[in-house]
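Below, each chain spelled out in residue letters.
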Amino acid sequence: MIKEVLLRTMAEAKKTTTTVAAKTSKRKALVGKKSQKTKVKLTKKETVVEVKTAVESAVAEQVVTNRHKRMAEKAKERAAMPRVEAPVISKVRITDVSGVVYDEDEYNAMVEMYDATIRDIREGEIVSGTILGVNRDDVIVDVGFKSEGIIPIQEFSGVDEIKVGDPIEVFLEQIEDSHGQLILSKQKADFMRVWDQIREFHDSGEKVEGNVVRRIKGGLVVDVMGVDAFLPGSQVALRQVPDFDALINQTMELKIIKINKARRNIVVSRRMVLEAERESMRDELLSDIAVEQVRKGIVKNITDFGVFIDLGGVDGLLHITDMSWGRIRHPSEMVTLGEEIDIKILDIDEKTSRISLGLKQMTPYPWENIETKYPIGDKIVGRVVSITDYGSFIELEKGIEGLIHISEMSWTQHIKHPSKIMSVNDNVEAVVLSVDKENEKISLGIKQMEPDPWQTIDAKYPIDKIISGKVRNLTAFGAFVELEEGIDGLVHISDMSWTKRIQHPSEVMKKNDTVEVKIIKVDHDNRRISLGLKQLSEDPWAEIAEKYATGTECLGTITKVMDRGVVVDLDGTVEGFVPTPQLGKKDLSDATTVFTAGEQIPLSVIEFDRKQHKVVLSVEAYYKNREQSELDEFLAKHEGNESSNAMADAMPDALKEAAAPAEENDTQEIPTEQAPVVEETPAEETAAVEEAPEADKADDANDTEKSE
């Protein structure tokens, strides 16, 4: 048989090889021969394998056939043998480990009882069980299997609700874990039990009730039909909730917005329910609301500029200016979050549905009949509620405020800021000065509580009275002398000396010096007093006019040298001016190159103006009627000074300052560039300054006081 299989297989292989070789083209003859040889080799290998397989199959078939034959023969022999019946045993006796012997009936009863305790349970199903025990971490439950199951205690809402012996439905997660114990879940059982209902509520969009269990990150956990659902923080209310803990244990209506059975995830929203309710209430409210209507509202949000009030589905704005007739700094001073208040409808914008509300309009307008309540001249008592740079606001009553301007705080004192004499919440007495009902303004004054000292100033400070005072301040145009507390007088620089041109008051007096002055003028309207220092002595210009008439020759001491000329002192009584062209030297452009302070020079008066207190002198006029030799001698003395001064000009500034005489530095309080008024100012302007009204001097004083 094996030989026949082998021959048949080899014949089929040879036939296949011949067919392949016949189909090879002449163009690929060379390649075909190689391929043919290769294929023959591969075919032989395959043939050997196939032959081997066929031989093994034939041997196995022959073995199986022989075995069947033997078994068939034995079966015939057993069938031919006579049948013998087995003896019947009446009782079966079974002995357990402890030595107790059971008969067959007892054994069968025991097996039936054991089979009844073992239920056919499968994973992924809800099964009924009984609570057997509770420990710190787990609850032990018997579900009728060979072992008890455990449930983490966190899956129960409260430990007090767990009682031993109570029935319970649980979800079988796993029949055996690594410890051979059942793994059960109460939460999954609850979820599976109500899943169909939850899906129906989700699909239909109906509302469900939920109880807030606890707070977690991002929102709240809500018990919905016995299962936990997630309520995101953004879906809790229409506006941001400041305290989620206050919602715990509250029952609220919700909508299921997302479900996932595989992950047992349920997401709910309270905001959608509130929005639907608000839309319904909004339509009803807008059809019923009207201007000037008074309604109840709840404070929903407080900002710096006002308060948002929930009117029952629609929010209205209560601006801070409509909260009180009086002054408030922040809306939180009058209302609190969640407070219910009565509010008046002021305006409704139909296009935007914006509603303006008012709270102060609930009370009478306080400025009604204000003229009769606070007549002009009436004395009042009020509380300081605000202080500004220009004055203080006084609250007379709720909604009524008056202003005490800084100029109405003192008759005599120069108050720089109201806070110097009063503070917020101080009670002050004042006098009503004016009432403006239309602009809701009341002007008050506290200086009017005392007599005006300027009403009796004439009797106290008559003209020509000599009085002592303290120099309070120095300015460029004069000095302020304090006559008494709050009352100052001005000594103008033109009233400080009869004969000298004062460039600055510091040449005559210093701050805090006590000086004697004479009252020159009192201005009641502008509240100014003009004082004089030179008026303490007689006007010497009558005698000076006789002594220094035109053509008079004298000797003068140079006190100041300028490029335009020199200032000279005449016998210590009067100053005169010598212009540069009158210094006797031709083509002299700068007197500082020739003459020095302290030098004495011969002079002749060429001009005398008593009205302007002006004396002009000349060196050239002095030597005009003298010998030429005297003039040459004078000029010779000043040639060396010119060259030395020319050298001094070439020296550095630091060396000039070091070489300058100490006496010259001490005496020149005013820079040499500032020429005296006598020489620099034309005759017309000098006369104007001399005859200037006292009011102009006082104006300078007033400007300085304001700048202070």
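In what follows, the accompanying structure is described. (Residues numbered from 1 in each chain as written. Predicted model: local features only at pLDDT ≥ 70, side-chain atom pairs only at ≥ 80, totals over all residues. Heavy atoms only, no water.)

### Thoughts on the sheet that holds strand E13 (residues 294-302)
Next up, step 1: Judged by pairing direction, the barrel is mixed, and its five strands sit side by side in the order E13-E14-E15-E17-E16 before closing back on the first. On average, each strand axis in the sheet is inclined to that of its neighbour by 50°, with strand direction left out of account.
Next up, step 2: One ladder, built from five bridges, connects strand E16 (residues 340-349) with strand E17 (residues 354-358); its direction is antiparallel. Its bridge partner lying in E17, Ile345 is registered against Leu357. (Pairing = 2+ DSSP bridges. Helix = DSSP H or I, 4+ residues; strand = E, 2+ residues; numbered from the N terminus. Axes fitted to C-alpha atoms, helices over the stretch in contact; angles between N-to-C directions.)

### So, the nonpolar core
Next up, step 1: In this structure, Val566, Val568, Leu570, Phe595, Ile601, Leu603 and Leu617 are the most contacted members of the largest nonpolar core, which totals 28 residues.
Next up, step 2: Elements represented by at least two residues in this core include exactly helix H8 (541-547), strand E28 (553-562), strand E29 (565-570), strand E30 (574-579), strand E31 (600-609), strand E32 (614-618), helix H9 (619-622) and helix H10 (628-650).
Next up, step 3: For this core, the element with the highest residue contribution is E31, accounting for four residues.
Next up, step 4: The residues touching Val568, leaving out its near neighbours within four places in the chain, are Gly556, Thr557, Ile558, Thr559, Val574, Glu575, Gly576, Val578, Ile601, Leu603 and Leu617.
Next up, step 5: Counting 23 residues, the second largest nonpolar core, distinct from the first, contains Ile198, Ala229, Met252 and Val268. (Core = buried A, V, L, I, M, F, W, Y, C linked by side-chain atoms within 4.5 Å. Buried < 20%, exposed > 50% of the residue type's maximum accessible area, 1.4 Å probe, protein only. Contact = heavy atoms within 4.5 Å.)

### What to know about helix H4 (residues 186-204)
Since the α-helix packs 3.6 residues into each turn, any two residues three or four apart lie on the same face.
Next up, step 1: Between its first and last C-alpha, H4 extends 27 Å over 19 residues, near the 27 Å set by a 1.5 Å rise per residue.
Next up, step 2: Within H4, burial applies to Lys188, Ala189, Asp190, Phe191, Val194, Trp195 and Ile198.
Next up, step 3: Backbone geometry just downstream of H4 places Gly205 in the positive-phi region, at approximately 80°. (Expected span 1.5 Å × (residues − 1).)

### Notes on the environment of Thr363
Next up, step 1: You can see Thr363 is positioned in the loop between E17 and helix H6 (370-373).
Next up, step 2: Since its relative accessible area comes to 44%, Thr363 is described here as partly exposed.
Next up, step 3: Spatially, the C-alpha atoms of Thr363 and Ser324 are 9.1 Å apart, while their sequence positions differ by 39 residues.
Next up, step 4: Looking at Thr363, its side chain comes within polar contact range of the main-chain oxygen of Lys360, at 2.9 Å. (Polar contact = N/O pair within 3.5 Å; in protein donor to acceptor, adjacent residues only side chain to side chain.)

### So, the pattern of salt bridges
Next up, step 1: According to the stated counting rule, one finds 15 salt bridges in the structure shown.
Next up, step 2: Lys207 is paired through a salt bridge with Glu253; the nearest N and O atoms lie 3.3 Å apart. Note that Lys207 is positioned in strand E8 (residues 207-216) and Glu253 in strand E11 (residues 251-260), a separation of 46 residues in sequence.
Next up, step 3: For Glu275, the salt bridge is made with Arg271, and the minimal N-O distance between the two is 3.1 Å. With Glu275 and Arg271 both in helix H5 (residues 271-288) and four residues apart, the pair spans about one turn of that helix.
Next up, step 4: Take Glu275: its relative accessible area is 29%, and that puts it in the partly exposed class.
Next up, step 5: For Arg271, a relative accessible area of 29% gives the class partly exposed.
Next up, step 6: Three or more residues are tied together by salt bridges with common partners; here these are Glu553, Arg626 and Glu630. (Salt bridge = Lys/Arg side-chain N within 4 Å of Asp/Glu carboxyl O.)

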